[in-house]
Amino acid sequence: MSALAAILAMFATAAPAPVTLTVRYSRGSQVEHVAHLRCRGDSARADGFLRTTGAHAACRRARKIAAFLARQPSSKRICTQIYGGPQRARITGTIGDHHIDRRFKRTDGCQIGDWQYAVPLVPRIRPGVTP
């Protein structure tokens with residue numbers, strides 16, 4: 001077996017990163033909605049508002065954006081001053097080796113963009129429609 005074939009075989013058999021996340025979401029009120037996502041190999045479970053998203057879709061997205069969720073946004077970003085709504089969310093837990101503790105809100109253009117990038121782990125916000 002060539003070295004390239006061995007490397008490809010290693011990646012082909014590697015199991016997807018395990019995901020254990022808790023997502024807390026509010027619409028700006030004191031009422032908080034909580035959802036959990038658990039992914040191990042090909043198994044995926046979700047409860048709360050993530051149940052309607054679909055556990056497998058949420059697991060794929062979580063794994064894809066793990067590095068984004070694990071780091072805090074730069075404080076030097078230049079953001080448009082546009083208000084997207086009172087919604088707030090916090091995602092905590094682990095994705096593989098990544099420790100996740102990321103807060104989201106929709107109070108400027110950068111944060112609205114971050115929120116949209118994290119969908120479906122946070123609810124999709126449609127203009128004029130309150131989720």
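Residues numbered from 1 in each chain as written. Predicted model: local features only at pLDDT ≥ 70, side-chain atom pairs only at ≥ 80, totals over all residues. Heavy atoms only, no water.

### Points about the sheet that holds strand S4 (residues 85-95)
Right, so step 1: A sheet is described by the order of its strands in space; here 5 strands give the open sequence S3-S2-S1-S4-S5, paired in antiparallel fashion. Across the chains shown, the open sheet's two edge strands, defined by having one partner strand only, are strand S3 (43-46) and strand S5 (98-106). In this sheet, neighbouring strand axes are inclined to one another by 10° on average, regardless of whether the strands run parallel or antiparallel.
Right, so step 2: Inspection of the sheet shows strand S1 (residues 19-26) paired to strand S2 (residues 33-40) by 7 bridges, in the antiparallel sense. When the sheet's bridge partners are listed, tyrosine 25 is paired in S2 with histidine 33.
Right, so step 3: The strands touched by helix H5 (residues 109-118) are S1, S4 and S5; relative to S5, the strand with the most contacts, the crossing angle is about 125°. (Pairing = 2+ DSSP bridges. Helix = DSSP H or I, 4+ residues; strand = E, 2+ residues; numbered from the N terminus. Axes fitted to C-alpha atoms, helices over the stretch in contact; angles between N-to-C directions. Contact = heavy atoms within 4.5 Å.)

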